[in-house]
Amino acid sequence: MATSLNDDDQILRAYAAITSIRVNVPERHEVEERWVNEFNAAIEKLEKSLGIDLQEFKVPHDALKRFVASCNSLTNDVTYLKGLWCERAILMQKLDSVLVYFTGLQDREDIKIGFRPPK
């Protein structure tokens, strides 16, 4: 899996984004769509740089939903959080799986691309 200097840079940038998301994503049940968009963009950067299909690691669009902010049991009024949201567990599962995948590739090949899950 030979890569150019620019591809290596893009791989490193994607890895930096993914690890930064892992550390900084809020510790709550749902996360804003922007976290998913940033993660999926990093996966696309890896796909382009490595020339491989990584679609199964992306958070699917149907995982983005409107979440209830409050509801009134007397009037049955429901208020939703602004924008689309994703369950944090879904994002973290995809994120961890792509890190494990690349760690497994490193263990098989001499080429090191910088993916190591935190200990």
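Thresholds, definitions, all that
- Starting afresh in each chain, residues are numbered from 1 along the sequence in its written order.
- Whole-chain, interface and lining totals are the exception, using all residues; otherwise, since this is a predicted model, local features are given only for residues with pLDDT of at least 70 and side-chain atom pairs are given and counted only at 80 or more.
- Excluding hydrogens and water, the side-chain values take into account all heavy atoms of the structure.
- Confidence of the prediction at every residue is given by pLDDT, a number between 0 and 100.
- Secondary structure follows DSSP: runs of H or I at least 4 residues long count as helices, runs of E at least 2 residues long count as strands, and numbering of each begins at the N terminus.
- Only strands joined by at least two bridges in the DSSP assignment are considered to pair.
- In what follows, salt bridge is the name for a side-chain nitrogen of Lys or Arg lying within 4 Å of a carboxyl oxygen of Asp or Glu.
- The classification of residues rests on relative accessible area computed with a 1.4 Å probe and restricted to protein chains. Under 20% of the type maximum is buried, over 50% is exposed, and intermediate values are partly exposed.

Tell me what's going on with the confidence of the model for the protein, and back it up with residues and numbers.
Here the protein shows a mean pLDDT of 88. Residues at 70 or above account for 85%. When mean pLDDT is compared element by element in the protein, strand β5 (residues 85-87) scores highest at 97, while helix α3 (residues 88-108) scores lowest at 87.

Quick rundown of the sheet that holds strand β2 (residues 64-65)? Include the residues and the values.
One open sheet holds the 3 strands; their spatial order is β1-β5-β2, and the pairing between them is antiparallel. The open sheet has two free edges, formed respectively by β1 (30-32) and β2, since each of these has just one partner strand. Across 3 bridges, the pairing between β1 and β5 is antiparallel. Following the sheet pairing, V31 is matched in β5 by C86.

Requested: an account of the pattern of salt bridges, with residues and values cited.
Applying the stated rule across the entire model yields 7 salt bridges. The closest approach of N and O atoms between R88 and E27, which form a salt bridge, is 3.2 Å. Here the residue R88 occupies a position in helix α3, and E27 occupies one in the loop between α1 (5-24) and β1, the gap between them amounting to 61 residues. The class for E27 is exposed, based on a relative accessible area of 73%. The salt bridge partner of R28 is E30, with a shortest N-O separation of 2.7 Å. Using a relative accessible area of 12% as the deciding quantity, one classes E30 as buried. Salt bridges linked by common partners bring E44, E47 and K58 together as one network.

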